[in-house]
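Understanding the architecture of this molecule
Spelled out from the first residue to the last, the chains are:
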Amino acid sequence: MQSTVPPGPASLTLPAKRFSTFQIVFVVLFILTFLESYHLAQVKPLALFDPEGRRNIWKFISGMFPPDLSWNFLSLLGRPILETVQISLMGIVMAVAIGLPLGLVATSSLTFRGIMNEHDRIGSPFQARLRRVSYLLARAILNLFRTLPEFVWAFMFVRAVGLGPFPGVLAIGISYAGMLGKVYSEILDHVDQGPLEALQATGASRPTILLYGLMPQALPNLASYTLYRWECAIRASAILGFVGAGGLGQQIEISMRMFNFNQVTTLVAILFVMVAGVDALSVRVRSAILGRSSL
């Protein structure tokens, strides 16, 4: 009696995966760009371990300890610490004041798409086109603000208004407005549309939908990202001091120029405490907002 073996399922035979032309070209260009960047950037990791590199690293590390905790030095830090907090706080307030309105206009679901704009698209094509132009203009302004980092903005504002904390405030306000506005628009664009449609069905006005349907959903993420940017602003205000914008950064620049690396350790530790404090505040604020919204 002849036995037959049933053939295996055809699904076990997997087709060979083929890469598209775009994927191949992208990988090749990425590898070539990486190799060329490695060469042009003069990346030399072994330079850290040659005799001169080891000597300079040891000189820097040995000079950092113990930190300078003398009263003569700490008594000079009250004003720079206060300036750093003030620069970061006023800068982030300015960034929110500029970035939030631009972010609302740069939100496509509020400006020209979505359920709230159906009437304009059908009844008034001119108004719909005007809304789209305003959307594109707001995106362009936000892109312009993000084009230059805050360090370059500070350098420009120092030339315009002179030395002091105010150029740092302007630099953080303009640069971070572009970042906040972009992220605000993305957060608002990805909220659940169900509550908005429900309010629209009841005949609610656009401000009512925005206030009671959109903002409660987006508020935790908006607040969390804003506080994160405040944390970044504290770090940025330290860097801006190198171009004469005041704060702890100016003191760090003076200490490094004088080769007082133990003072730099103290200043970095102070910045760490300030950033950690803002991070803890961000967690508390987000928890409070989430707790209130769940009631």
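Every value quoted in this text rests on a predicted model; they were computed, and no experiment measured them.

What counts as what
Residues numbered from 1 in each chain as written. Predicted model: local features only at pLDDT ≥ 70, side-chain atom pairs only at ≥ 80, totals over all residues. Heavy atoms only, no water. Helix = DSSP H or I, 4+ residues; strand = E, 2+ residues; numbered from the N terminus. Buried < 20%, exposed > 50% of the residue type's maximum accessible area, 1.4 Å probe, protein only. Areas by Shrake-Rupley, 256 points an atom, 1.4 Å probe, with all protein chains shown as cover. pLDDT = per-residue confidence, 0-100. Polar contact = N/O pair within 3.5 Å; in protein donor to acceptor, adjacent residues only side chain to side chain. Core = buried A, V, L, I, M, F, W, Y, C linked by side-chain atoms within 4.5 Å. Contact = heavy atoms within 4.5 Å. Axes fitted to C-alpha atoms, helices over the stretch in contact; angles between N-to-C directions. Left-handed = near helix turned anticlockwise from the far one by under 90°. Nonpolar A, V, L, I, M, F, W, Y, C, P; charged D, E, K, R; others polar. 1 Å grid on protein atoms, 1.4 Å probe; cavity = no way out; pocket = protein on both sides within 12 Å on 5 of 7 lines; lining within 4 Å. Points joined across faces, edges and corners; volume = space filled by probe spheres on them. Expected span 1.5 Å × (residues − 1). Bend = angle between axes of the 7 residues up to and from the residue. Phe/Tyr/Trp six-rings, centres within 6.5 Å; stacked < 30°, edge-to-face > 60°. Lys NZ or Arg CZ within 6 Å of the ring centre and 35° of its normal.

The helix and strand tally for the chain stands at 13 helices and zero strands. When the helices and strands of the chain are read in sequence order from the N terminus, they spell out α-α-α-α-α-α-α-α-α-α-α-α-α. For the chain, buried positions account for 36% of its 295 residues. Of the accessible surface of the chain, which amounts to about 18,800 Å², a share of 69% is contributed by carbon and sulfur atoms.

Turning next to unusual backbone geometry. The backbone phi angle of Phe259 is positive, close to 60°, even though this residue is not glycine. You can see Phe259 is positioned in the loop between helix 12 (248-257) and helix 13 (261-293).

This part is about the confidence of the model for the chain. With 87% of its residues at a pLDDT of 70 or more, the chain has an overall mean of 80. Within the chain, no element has a lower average pLDDT than helix 6 (residues 118-123), which sits at 55, and none a higher one than helix 9 (residues 165-189), at 90.

Before going further, it helps to spend a moment on the environment of Asp279. Along the chain, Asp279 turns up in helix 13. Along the chain, Asp279 and Leu227 lie 52 residues apart, while their C-alpha atoms are 7.7 Å from each other.

What follows covers the side chain of Thr266. Note on placement: Thr266 falls in helix 13. Taking the relative accessible area as the measure of exposure, Thr266 reaches 4% and is therefore buried. For Thr266, the side chain forms a polar contact with the main-chain oxygen of Asp68, separated by 2.8 Å.

Core analysis: the largest hydrophobic core is formed by 52 residues, its most contacted members being Tyr176, Trp230, Ile234 and Leu271. Of all the secondary-structure elements, those providing two or more residues to this core are helix 4 (78-105), helix 7 (125-147), helix 8 (150-161), helix 9, helix 11 (206-240), helix 12 and helix 13. In contact with Tyr176, not counting residues within four places along its chain, are Ile92, Ala95, Glu150, Arg229, Cys232, Ala233 and Ala236.

Interhelical geometry of helix 4 versus helix 11 gives an angle of 145° and a closest axis separation of 10 Å. When you trace helix 4 past helix 11, the crossing you get is right-handed. Every residue of helix 11 that contacts helix 4 at Thr84, Ile87, Ser88, Leu89, Ile92, Val96 and Leu104 is listed here: Leu210, Thr226, Arg229, Trp230, Ala233, Ile234 and Ser237. Among the residues making up the contact of helix 4 with helix 11, the classes are represented as nine nonpolar, four polar and one charged.

Attention now moves to empty space enclosed by the protein. For the coordinates displayed, the defined rule picks out one cavity of 30 Å³ or more. A volume near 30 Å³ is recorded for the largest cavity. In this structure, the largest cavity is lined by Arg139, Leu142, Asn143, Arg146 and Lys182.

Moving on, we get to helix 9. Relative to the 36 Å expected for 25 residues at 1.5 Å per residue, helix 9 spans 35 Å between its end C-alpha atoms, a close match to the ideal helical length. Where helix 9 bends most, at Tyr176, the angle is about 30°.

Before going further, it helps to examine the side chain of Glu253. Locating Glu253 in the fold gives a position in helix 12. Among the residues examined, Glu253 registers a relative accessible area of 18% and is labelled buried. For Glu253, the side chain forms a polar contact with the side chain of Arg257, separated by 2.2 Å.

Summed over the entire model, instances satisfying the criterion amount to six aromatic pairs. A centroid spacing of 6.1 Å and a plane angle of 90° characterise the contact between Phe259 and Phe261, whose relative ring orientation is edge-to-face. These aromatic residues form a ring-pair network of at least three members: Phe22, Phe26 and Phe30. Here the basic side chain of Arg159 rests over the ring of Phe155, its NZ or CZ set 4.2 Å away from the ring centre. Positioned above the aromatic ring of Tyr176, the side-chain terminus of Arg229 is 5.1 Å from the ring centre.

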